[in-house]
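# Structure assessment
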Amino acid sequence: MRYRPDTMIAPPPPPPIANRLTQADLHDARRRLLDMHFHARAGHLGGNLSCIDALMVAHHEFLGADDRFVLSKGHSAGALYVTLASLGHIAHEELASFHQDNTRLGGHPPPHGIAHIKFATGSLGHGLSLAAGLALAARLQNNPRRIICLTSDGEWQEGSTWEAAIFAAHQRLHNLTILVDHNGLQGFGTTHDVASMNPLADKLRGFDIEFRNADGHSLDSLRTALAPGTDRPVLASLRTTKGHGVPGLAGTLQSHYLPLTPAQHAAAIAELGMLP
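Residues numbered from 1 in each chain as written. Predicted model: local features only at pLDDT ≥ 70, side-chain atom pairs only at ≥ 80, totals over all residues. Heavy atoms only, no water.

Moving on, we get to a nonpolar patch on the surface. Where nonpolar side chains cluster on the molecular surface, the patch consists of Phe188, Val194, Leu253, Tyr257 and Leu258 and spans about 510 Å² of accessible area. Topologically, Tyr257 is positioned in helix α9 (residues 254-257). (Patch = residues over 30% accessible without salt bridge, like charges linked within 9 Å, V, L, I, M, F, W, Y side chains within 5 Å. Areas by Shrake-Rupley, 256 points an atom, 1.4 Å probe, with all protein chains shown as cover. Salt bridge = Lys/Arg side-chain N within 4 Å of Asp/Glu carboxyl O. Helix = DSSP H or I, 4+ residues; strand = E, 2+ residues; numbered from the N terminus.)

This next bit is on the pairing of strand β2 (residues 147-152). Of all the six residues making up β2, six are buried; the element is thus mostly covered by neighbouring parts of the structure. By the alternation rule, side chains of β2 split into Ile147, Cys149 and Thr151 and Ile148, Leu150 and Ser152, which are all buried. Inspection of the sheet shows strand β1 (residues 68-71) paired to β2 by four bridges, in the parallel sense. Residue pairing for β2: Phe69 is matched across the bridge by Ile148. Inspection of the sheet shows β2 paired to strand β3 (residues 176-182) by six bridges, in the parallel sense. Each residue of the ladder has a partner; that of Leu150, found in β3, is Leu179. One crossover worth recording links β2 to the parallel β3 by way of helix α5 (residues 159-171), and it is right-handed. (Buried < 20%, exposed > 50% of the residue type's maximum accessible area, 1.4 Å probe, protein only. Pairing = 2+ DSSP bridges. Right-handed = clockwise from strand over helix to strand, strands pointing away.)

Turning our attention to the nonpolar core. Counting residues in hydrophobic clusters, the biggest one holds 51 residues, and the most contacted among them are Leu34, Phe69, Tyr81, Ile90, Leu95 and Leu238. Elements represented by at least two residues in this core include exactly α1 (23-40), α2 (45-62), β1, α3 (77-86), β2, α8 (219-226), β7 (234-239) and α10 (262-274). The element contributing the most residues to this core is α2, with ten residues. Setting aside residues no more than four positions away along its own chain, Tyr81 makes contact with Ile90, Leu95, Phe98, Arg104, Leu105, Gly106, His108, Pro109, Pro110, Ile114 and Ile117. Ranked by size, the runner-up nonpolar core spans 25 residues in total, among them Ala132, Leu136, Trp156 and Ala164. (Core = buried A, V, L, I, M, F, W, Y, C linked by side-chain atoms within 4.5 Å. Contact = heavy atoms within 4.5 Å.)

Below you can see the structure in the form of structure tokens.
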């Protein structure tokens, strides 16, 4: 029988939420991320802090055991490791090996060795294609599996990301949710200065998708963004801050590259203690 792009299976219901996340859960995850990066003397902390809230909500409250997650912005692997550790998929003790020799927890997701990481990513612009392929495969298998993919806003300067979005919209991959970590900064400056796509939301709304805007640091807003869609892919643009929660570093280009100084680490930990 000839395959029809509009062939549909019912979208999966959201998994039951036994323990909804609290701000304390997010603070604990952020503290583990800060400690892990500080002790490893690793960069790329800014983009990890801008997306860890979304990763925690997606994995704890929306992804079931058979669902799939693709971290397209692979330089935020630390946030994914901390999230997986919070679920017991990685031992908390292993986080101390981040960025060390002979570790499973490299600066980008590994191609093998961690069951909940399906793809090595880090060369930006490819994750959405992989996620769209997983979503189509699930539909062809009549499998209600849900796919969530997190991209950076800088990735939307790459043609491969737009091609994947065209494919997902054409195939009406209703089991695919695309998150955009819209923190406005990338390796060489602001996304506006490097290759302006502003306002990115207006470009993305042009697709035959269900478009959502959300505060990427708000539990309730993230829950609304991640709720299952209906008959089309969902794309949620998350307004975030690079280096969120680190005084003097949040919203700066330095947060993309530089490791935390002892003073910055101490200030960030103190800031977590003051947050509600």
